[in-house]
Amino acid sequence: MTQDQKKRQAAEAAVDFIRHARIVGVGTGSTANYFIDALAGIRHQIDGVVPSSEATAARLRGHGLEILDLNEVGPLDVYVDGADEANRHRQLIKGGGGALTREKIVAAASRQFICIMDESKLVEKLGLFPLPIEVIPMARSLVGRELVKLGGQPEYRTGFVTDNGNWMLDVYHLDMTDVVGLEQAVNQIPGVVTNGLFARRPADILLIGSRGGVQQL
C-alpha cells in the first residue's frame with residue numbers, strides 16, 4: 001500500500017465522523033485534498049464549509065460545496081485537516097504547505113478537530129520536521145535572531161508568500177521537550193503571526209491510515 005493510498009484511507013474514514021455536522025472546517029494539503037474529494041459525495045447533507053486556504057476554497061468550489069465566511073457562522077461543528085507530524089498526545093506540527101495561520105484559526109473555532117494522516121507522520125517526539133513560522137515581512141531578520149537564541153536554526157522559505165501576504169521561516173533543531181511552552185514562547189516574538197505547533201489546541205482524534213487499516217487515536 002502506498003503512502004497516498006494510506007492518506008486516502010484516513011481521509012475517507014473521516015467522512016463517517018462528520019455526517020451529522022452542518023458546517024465543516026476543511027484543512028489544506030495533500031491529505032486534506034483526499035478528504036475534500038470524499039466530502040463531495042455527501043455535500044447535500046451539510047450546509048457549507050469553511051476553508052483554511054485559497055487553494056482549499058478553490059478545490060471545494062470545484063466540487064460544488066458552498067464556501068462560508070467564518071465570521072458569519074460562529075463556532076464550527078468539526079474541522080478536518082492533515083499534519084506534517086503528530087505525537088501520541090495528538091499534538092501536531094503543521095504548516096508545510098504554508099497555511100498554518102488560517103488552519104490554526106479554523107481549528108480554534110471548531111468544537112472537534114480530526115486530524116487525518118498516514119502512519120509515517122506519527123512520531124514519538126515532534127521536531128524532525130522543521131517548525132514553520134509565519135512572520136511579518138519586515139520582522140524576518142528580527143524573528144530569525146530570536147529563534148537562534150531559542151536554539152533553532154531558521155531558514156527563509158525563499159519566494160513563498162502566504163495567503164495573508166506574509167513570509168515563512170522553517171526552523172530546525174528546536175527543543176521540543178515542552179511543546180506547549182515552546183508554542184507560547186515563539187508566538188511572543190514580535191513579528192511572529194503564529195507558528196505551526198498545535199499543542200495548546202491539539203487534535204481531538206487522529207485517524208491514521210496504515211497497511212492494517214485506519215487506526216484511531
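Residues numbered from 1 in each chain as written. Predicted model: local features only at pLDDT ≥ 70, side-chain atom pairs only at ≥ 80, totals over all residues. Heavy atoms only, no water.

Draft legend 1. Highlighting the environment of Ile-114. Locating Ile-114 in the fold gives a position in strand β6 (residues 110–118). Separated by 92 residues in sequence, Ile-114 and Leu-206 have C-alpha atoms that sit 6.0 Å apart. Not counting the four nearest positions on each side in its chain, Ile-114 is found in contact with Phe-17, Val-78, Tyr-79, Val-80, Asp-81, Ile-205 and Leu-207. (Helix = DSSP H or I, 4+ residues; strand = E, 2+ residues; numbered from the N terminus. Contact = heavy atoms within 4.5 Å.)

Draft legend 2. View of helix α6 (residues 140–149). Along α6, the residues classified as buried are Val-143, Gly-144 and Leu-147. Across the axial projection of α6, the buried residues extend over an arc of 105°, all falling on one side. α6 presents Arg-145 and Lys-149 as exposed residues on the side facing more than 90 degrees away from its buried surface. Packed against the buried residues of α6 are β7 (131–135), β8 (153–156), β9 (167–172), α7 (179–187) and β10 (192–195). Looking one or two places after α6, you find Gly-151, whose phi comes out positive at around 95°. (Buried < 20%, exposed > 50% of the residue type's maximum accessible area, 1.4 Å probe, protein only. Arc of directions from axis to C-beta.)

Draft legend 3. Quick peek at the nonpolar core. Counting residues in each nonpolar core, the largest one holds 24 residues, and the members touching the most others are Ile-18, Val-24, Phe-35, Leu-39 and Ile-116. The set of elements that each furnish at least two residues to this core consists of α1 (3–14), β1 (23–26), α2 (30–39), β3 (76–81), β6 and β12 (205–210). Apart from the residues lying within four places of it in its own chain, the contact partners of Val-24 are Ile-18, Phe-35, Ile-46, Gly-48, Val-49, Val-50 and Val-78. By size, the runner-up hydrophobic cluster in this structure holds 20 residues, among which are Met-176, Val-186, Ile-189 and Leu-197. (Core = buried A, V, L, I, M, F, W, Y, C linked by side-chain atoms within 4.5 Å.)

Draft legend 4. Representation of unusual backbone geometry. The residue Arg-90 is not glycine, and still its phi comes out positive at about 70°. Positive phi outside glycine occurs at His-173, with the angle close to 70°. Following the sequence through the fold, His-173 ends up in the loop between β9 and α7.

Draft legend 5. Representation of the sheet that holds strand β2 (residues 48–51). Reading across the sheet, the 6 strands line up as β2-β1-β3-β6-β12-β13 and stay open at both edges, with mixed pairing between neighbours. Edge positions in the sheet fall to β2 and β13 (213–216), since each of these pairs with one other strand and no more. Each neighbouring strand pair of the sheet contributes to a mean axis angle of 25°, computed without reference to strand direction. Taken together, the 3 bridges between β1 and β3 define a ladder with parallel strand orientation. If you follow Gly-25 over to β3, its bridge partner there is Tyr-79. Lying over the sheet, α1 contacts β3, β6, β12 and β13, oriented at roughly 140° with respect to β12. Packed on one face of the sheet, helix α5 (residues 100–108) meets β1, β2, β3 and β6 and runs near 145° to β3. (Pairing = 2+ DSSP bridges. Axes fitted to C-alpha atoms, helices over the stretch in contact; angles between N-to-C directions.)

Draft legend 6. Region of interest: a nonpolar patch on the surface. Residues Ile-136, Met-138 and Val-193 make up a contiguous nonpolar surface patch of roughly 300 Å² in combined accessible area. With respect to the helices and strands, the residue Val-193 is situated in strand β10. (Patch = residues over 30% accessible without salt bridge, like charges linked within 9 Å, V, L, I, M, F, W, Y side chains within 5 Å. Areas by Shrake-Rupley, 256 points an atom, 1.4 Å probe, with all protein chains shown as cover. Salt bridge = Lys/Arg side-chain N within 4 Å of Asp/Glu carboxyl O.)

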